[in-house]
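Listed here are the chains, written in short residue letters.
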Amino acid sequence: MKYELAIAVADEQDTSPNDQYPNGAKRKKQGDIISVRPHPWNWGRKEIDQYLIVIINSDIDYEELRVELETNRTNPEDIKNKYKIDFTELKKLLPELDMEKVEDKNKIYQPFKKATQLVEKFDGIGANHALGTQFVDCGDDSEKEKDLPKTVSNLIYNKIDKNFKKIDEVISG
Amino acid sequence: MASSRKTGTSENVSTYDSAGGKDYSALTTWEQATDNDLVTATQSEVLECYAGAHADGNLYVTGATISSSYMRIIRPASGEEHKGIPKTDGSCVEFHLSSTAQYIFAIVENYFKVQDIVTKINSSYNGGESTTFNIWVNAGYVEVVGCMAIDSDSDNKPHVGHYTGDMGNNPAYWINCMVMNITSVTSTGTGFFTWAADTDPDVYWYNCTAKDCANAAFSSSNPQCLAKNCISQDNGSDFVTDGGGAITQTTCTSADTVTFRNEGSDDLHLANTDTTANGQGTDLSGDAIFAFDDDIDFKVRTTDWDIGFDQYSPHLDANSINLRTTAAKKNGTDTENIKKINGNNV
């Protein structure tokens, strides 16, 4: 099965400690896995603008994977997201990945996705929600989808136990 | 007058549909895109949802810098609201608890508001009670308004409809909410439940309705609670406390004699024959804690307040009446005056 991960592209400054967050709330950091959805997924307009979508193969059941990646925060005051993607390793796996474009908030850059699938829900809606393939950068071959094999071992990092995991190991250990 | 659906100052509205085509398709991506310093930005963040049976949730709301003026809100987009009946067929904004998750919303942020959504528990989570909302860990002044929880599951796992827990010394408000059919485990199937380590937090249940909950309708384990204008009907027990908990009741009923419009169709609006709840409530439009004047259907309550989430009004729809009248002949053919009542052609 293939899944799509929405990845944070930049660090967000944490809050200062206050009464509600005595340790200071820890917000998302570059590489954090924010969401997982089955492939192909029709992401929203702001999602494809604000996150990097990474496609990965896995044998894990979707619901199990979603609950593990999106929740299971053992200390809610100290950590926002349990898993992150290592961008250095991602660059090794996809050499054409342009990190300047990934971090550029003024560009919609989604090198893993197929441009037409990325915007199919938006074309034709019109008004403020119109989004055409001409507005997104999916790399040199915009209709060639890329995905990562489930065997990659130094990509997904568990911030709680401080170990890299293969995607199928996030459930089994 | 004051609506129970409060708004934020200077709202920045984003849209949501798990089917795509809007700003966001996942709750977590919106939450983490908006956990900013809203006070410095002088902006509230709102997610307006479109109708659908959204298999989404596990949403952990925390981290935005907020105030009583600038906060985060989830509500239906205009025209996508429920009709006061907890439909689970995708016709209104519904969030369905997935098979392995514990909650749909874990709210760990002050002043967060959720309005007018339907939640369905369908979870085999086995680490404790699974629930729709979990107001949690020192979160205060959270408002859940016009929300309905229904449990169609029978997996023998513990379920709670609306949960308030461990809020420190902060209050939580449940207004015009409904829970029904929390039946999976007799000992724990509870409609509105609150727990805290101490007795200080105040939980306010105003004009809420709980029906067919196996264990209890309203239950407090330590917190001090105020229940005003609430209905408990056909539950294992009604208003239950343990530890240092207390539930002070004002014009509530647990007589099990309220007549609903159509229980078989999960329609718990008051029937026109009801005399238990109809006109028996306390006017909360000037309430010192949470003043409001509308009901589950956004209808302004009259001077004779009813008990429960619905303020009775005559119900007219295309199936119950026929006002189609032959008005005139035009070119020898009958024409009809088509009248609209409640938005329906009749």
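First, a word on scope: everything that follows refers to the structure included in this document.

Rules used in this analysis
Residues numbered from 1 in each chain as written. Chains lettered and ligands numbered in written order. Predicted model: local features only at pLDDT ≥ 70, side-chain atom pairs only at ≥ 80, totals over all residues. Heavy atoms only, no water. Pairing = 2+ DSSP bridges. Helix = DSSP H or I, 4+ residues; strand = E, 2+ residues; numbered from the N terminus. Axes fitted to C-alpha atoms, helices over the stretch in contact; angles between N-to-C directions. Polar contact = N/O pair within 3.5 Å; in protein donor to acceptor, adjacent residues only side chain to side chain. Contact = heavy atoms within 4.5 Å. Buried < 20%, exposed > 50% of the residue type's maximum accessible area, 1.4 Å probe, protein only. Buried area = accessible area lost by both parts, 1.4 Å probe. Salt bridge = Lys/Arg side-chain N within 4 Å of Asp/Glu carboxyl O. Nonpolar A, V, L, I, M, F, W, Y, C, P; charged D, E, K, R; others polar. Patch = residues over 30% accessible without salt bridge, like charges linked within 9 Å, V, L, I, M, F, W, Y side chains within 5 Å. Areas by Shrake-Rupley, 256 points an atom, 1.4 Å probe, with all protein chains shown as cover. Lys, Arg positive; Asp, Glu negative; His and termini not counted. Charge placed at Lys NZ, Arg CZ, Asp CG, Glu CD.

Let's talk about the sheet that holds strand 2 (residues 44-49) of chain B
Residues and elements named next belong to chain B. On the basis of which strands lie adjacent, the open sheet formed by 9 strands has the order 1-2-5-8-11-14-17-20-23 and parallel pairing. Sheet topology places strand 1 (11-16) and strand 23 (246-250) at the edges, where each strand pairs with a single neighbour. Averaged over all adjacent pairs, the angle separating strand axes in this sheet is 15 degrees, with direction ignored.

Observations concerning the side chain of B:Ser232
Within the element layout of this structure, B:Ser232 appears in strand 21 (residues 231-233). Separated by 2.6 Å, the side chains of B:Ser232 and B:Asp238 make a polar contact.

Thoughts on the environment of B:Ala77
All names here are of chain B. When you line up the elements, Ala77 lands in the loop between strand 5 (72-76) and strand 6 (93-96). Sequence separation between Ala77 and Asn215 is 138 residues, and the spatial gap between their C-alpha atoms is 35 Å. Ala77 has contacts with Glu48, Cys49 and Tyr50, leaving out every residue within four places of it along the chain.

Details of the pairing of strand 3 (residues 51-57) of chain A
Within a regular strand, side chains alternate between the sheet's two faces. Residues and elements named next belong to chain A. The buried count for strand 3 comes to 7 of 7 residues, which makes it a mostly enclosed element. Every second residue of strand 3 is oriented toward a common face, with Tyr51, Ile53, Ile55 and Asn57 on one face and Leu52, Val54 and Ile56 on the other, all of them buried. With 7 bridges connecting them, strand 1 (residues 2-8) and strand 3 associate as antiparallel partners. The residue bridging Glu4 from the neighbouring strand is Ile55, located in strand 3.

Overview of the environment of B:His162
Residue and element names in this part refer to chain B. For His162, the position within the fold is in strand 13 (residues 159-165). With relative accessibility at 0%, the residue His162 sits in the buried group. With 16 residues separating them along the chain, His162 and Met178 place their C-alpha atoms 8.9 Å apart.

What about the interface of chain B and chain A?
Accessible area lost upon the coming together of the parts serves often as the stated size of an interface. On the chain A side, the residues contacting the 42 residues of chain B number 35 residues. Where chain B abuts chain A, roughly 3000 Å² becomes buried across the two surfaces, and 43% of that area is made up of carbon and sulfur atoms. Run the count over chain B and chain A and you get 6 salt bridges. There are 24 residue pairs in polar contact (both at pLDDT 80 or more) connecting chain B and chain A. At 6 residues, helix 1 (residues 27-33) of chain B tops the list of elements feeding residues into the side of chain B that touches chain A. Along the lines of polarity and charge, the residues of the side of chain B that touches chain A split into 15 nonpolar, 20 polar and 7 charged.

Some remarks on a negative patch on the surface
All names here are of chain A. Residues Glu96, Asp140, Asp141 and Glu143 make up a contiguous surface patch of negative charge. Relative to the helices and strands, Glu96 is located in the loop between helix 3 (87-93) and helix 4 (99-103). Its relative accessible area of 48% is what places Glu96 among the partly exposed residues.

Some thoughts on unusual backbone geometry
Here the residue pair A:His39 and A:Pro40 is connected by a cis peptide bond, since its omega of -5 degrees sits within 30 degrees of zero. By secondary structure assignment, the location of A:Pro40 is in the loop between strand 2 (33-38) and helix 1 (45-50). A positive phi is found at B:Asn207, a non-glycine position, where the angle reads about 50 degrees.

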